[in-house]
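# Structure assessment
One-letter residues, chain by chain:
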Amino acid sequence: MKKVIPLILMGCGGVGRQLLQHIVSCRPLHAKQGIHLRVVGVSDSKSLVVASSMELSDNSLLQLCRIKSDGSSLQTLAASGQVDVFTNPESIKKITDIAALLGKSTGLALVDCSASSETIPLLTQAVDLGCCIVMANKKPLTSAMEDYDKLISRPRHIRHESTVGAGLPVISSLHRVLSSGDPVRRIIGSLSGTLGYVMSEVEDGKPIGEVVRSAKNLGYTEPDPRDDLSGMDVARKALILARLLGWRINLDDIKIQSLYPKEMAPGIMSVEEFLGSGLQLLDKGIKERVSMASLSGNVLRYVCVIEASRCEVGIQELAKDSPLGRLRGSDNVFSWMRCHSETVL
């Protein structure tokens, strides 16, 4: 008997669109596995698209992906007559109504692929309505402890593997270790593909300006690379891991080292200025640190460290032959220390 899993996708940027395309392309595989992912609706920050039949066709999903890729509004889909389009705040009410209808009957998964904190009230309400929560969005899990406690109050109904580790099974692996009663003493990881690429390239003697511009052209960074270089994304990942270990802390409790000074912050310096003269000013300091580390046979890596009462993210000097020291390019490396051994992913 085929298992039908209704879902609503929130966020149809690059990650959300890739998910929809993956769902469509994997229909034959899902059929063999006896499951069917029924996409009830798709929303972005302004609109929600649903079908009167409570299932968007694969053609509609692919058309939606093309429209969003072109930078157009979801509202243009209304002209087809095959779907209904709701705008905020009506769209939020519609999602809530669907969650109330399906949550405790057929079940409903709310999939958050946005990068917004505005989904938090909807997600916490959905928990009470019996829905399952799936997240690529880190912000709900790094918001106030009250929201976090609500989201994880039904552990079997939440999944967020893709919030940390870029495809590595970090969350599930830690869950298994902790569920076995084996305490984790220390976590250290390079959890940003962007910063991993930057640090390994400057190690080869390339100017940081050239490296960051290259990373931007390769699609590794956000449109404004400072979103990555600030360390905030790594800090959110560190907070998710720390809370998984049982730490009752917030973002403000994490020591965060930015790769640029406050004088180069987005509100003060434009993206163009930062990519030009700003990065050039940072080059000398980075080169000196790379040279000093090299004299000791070490390398620089941007890492998160969770140990004892310490949770921090920033540049650390590490042995060149260590798992993190050997890291190249945009790969992630993650390790944790238990009572008797160290595990590396």
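Our structure's up above, just so we're on the same page.
Residues numbered from 1 in each chain as written. Predicted model: local features only at pLDDT ≥ 70, side-chain atom pairs only at ≥ 80, totals over all residues. Heavy atoms only, no water.

Counting its secondary structure elements, the chain contains 12 helices and 13 strands. Whereas a compact globule of 345 residues would reach a radius of gyration of roughly 20 Å, the chain reaches 22 Å, a difference of no more than 12%. With the C-alpha coordinates of the chain rotated into their principal frame, the extents come out at 65 × 50 × 40 Å. For the chain, the residues scored as buried account for 48% of the 345 residues in total. Taking the intrachain contacts of the chain between residues at least 6 apart in sequence as the baseline, contacts between residues at least 24 apart amount to 64%. Of the side chains in the chain, 40 bear a positive and 37 a negative charge, and the two mean positions are spaced by 5 Å. (Helix = DSSP H or I, 4+ residues; strand = E, 2+ residues; numbered from the N terminus. Rg over C-alpha atoms; globule rule 2.2 N^0.38 Å. Buried < 20%, exposed > 50% of the residue type's maximum accessible area, 1.4 Å probe, protein only. Contact = heavy atoms within 4.5 Å. Lys, Arg positive; Asp, Glu negative; His and termini not counted. Charge placed at Lys NZ, Arg CZ, Asp CG, Glu CD.)

With that settled, consider the state of the cysteines. Covalent bonding between the sulfur atoms of two cysteines is what defines a disulfide. Following the criterion strictly, the structure yields 0 disulfides and no others. Cys131 supplies the cysteine sulfur nearest to Cys132, a cysteine that is in no disulfide, at a spacing of 7.7 Å. (Disulfide = S-S within 2.5 Å.)

All right, on to the pattern of salt bridges then. Scanning the entire structure with this criterion turns up 16 salt bridges. Across the pair Asp44 and Lys68 runs a salt bridge, and its minimum N-O distance is 3.0 Å. Remark: Lys68 occurs in helix α3 (residues 58–69) and Asp44 occurs in the loop between β2 (35–43) and β3 (47–50); sequence separation between them is 24 residues. Two residues, Asp233 and Lys138, come together in a salt bridge whose shortest N-O distance is 3.2 Å. Taken together, the residues Asp233 in helix α11 (residues 232–244) and Lys138 in the loop between β6 (132–135) and α6 (145–151) connect sequence positions 95 residues apart. For Asp233, a relative accessible area of 24% gives the class partly exposed. Overlapping salt bridges bring together Arg186, Glu307, Arg310 and Glu312 as one network. (Salt bridge = Lys/Arg side-chain N within 4 Å of Asp/Glu carboxyl O.)

Okay, the sheet that holds β6 next. Strand order in the open sheet formed by 7 strands is β4-β3-β2-β1-β5-β6-β7, and the pairing between neighbours is mixed. Both edges of this open sheet fall to β4 (84–87) and β7 (158–159), since each of them pairs with a single strand only. Lying over the sheet, helix α4 (residues 90–102) contacts β1 (3–10), β2, β3, β4 and β5 (109–112), oriented at roughly 45 degrees with respect to β3. (Pairing = 2+ DSSP bridges. Axes fitted to C-alpha atoms, helices over the stretch in contact; angles between N-to-C directions.)

Turning our attention to the side chain of Asp44. The exposure class assigned to Asp44 is buried, which follows from its relative accessible area of 18%. Polar side-chain contacts of Asp44 include one of 2.7 Å to the backbone nitrogen of Ser47. Leaving out residues up to four positions away in the same chain, Asp44 has contacts with Cys12, Lys68 and Leu74. (Polar contact = N/O pair within 3.5 Å; in protein donor to acceptor, adjacent residues only side chain to side chain.)

Judged by nonpolar contacts, the single largest core of 74 residues is most densely connected at Leu110 and Leu241. Per-element tally for this core: the top contributor is α11, with 8 residues. Apart from residues no more than four positions distant in its own chain, Leu241 is found in contact with Val164, Val170, Ile171, Leu174, Ile187, Leu191, Ile306 and Phe334. Counting 22 residues, the second largest nonpolar core, distinct from the first, contains Leu7, Cys12, Leu37 and Leu64. (Core = buried A, V, L, I, M, F, W, Y, C linked by side-chain atoms within 4.5 Å.)

Inspection of the secondary structure assignment puts Ser214 in helix α9 (residues 208–217). Separated by 184 residues in the primary sequence, Ser214 and His30 have C-alpha atoms spaced 38 Å apart.

The subject of this paragraph is the packing of aromatic side chains. The final tally for this structure, using the stated rule, is 3 aromatic pairs. Between the aromatic rings of Tyr260 and Phe274, the centroid separation amounts to 5.6 Å while the plane-to-plane angle is 70 degrees, which identifies the pairing as edge-to-face. Residue Tyr260 is found in the loop between β9 (255–256) and α12 (271–295), and its partner Phe274 is found in helix α12; the two are separated by 14 residues along the sequence. The class of Phe274 is buried, set by a relative accessible area of 0%. The side chain of Arg243 reaches across the aromatic face of Tyr148, ending 5.0 Å from its centre. (Phe/Tyr/Trp six-rings, centres within 6.5 Å; stacked < 30°, edge-to-face > 60°. Lys NZ or Arg CZ within 6 Å of the ring centre and 35° of its normal.)

Next up on the list: the environment of Gly189. Looking at where Gly189 falls in the secondary structure, it is placed in strand β8 (residues 186–190). The sequence separation of Gly189 and Ser335 amounts to 146 residues, and the corresponding C-alpha distance is 6.0 Å. Not counting chain neighbours up to four residues away, the residues in contact with Gly189 comprise Tyr302, Val303, Cys304, Leu324, Val333 and Phe334.

Turning to the environment of Leu259, a few remarks are in order. With respect to the element layout, Leu259 can be found in the loop between β9 and α12. Overall, Leu259 belongs to the buried group, its relative accessible area being 9%. Separated by 56 residues in sequence, Leu259 and Ile315 have C-alpha atoms that sit 8.6 Å apart. Excluding residues within four positions of it along the chain, Leu259 makes contact with Leu195, Leu229, Leu282, Tyr302 and Ile315.

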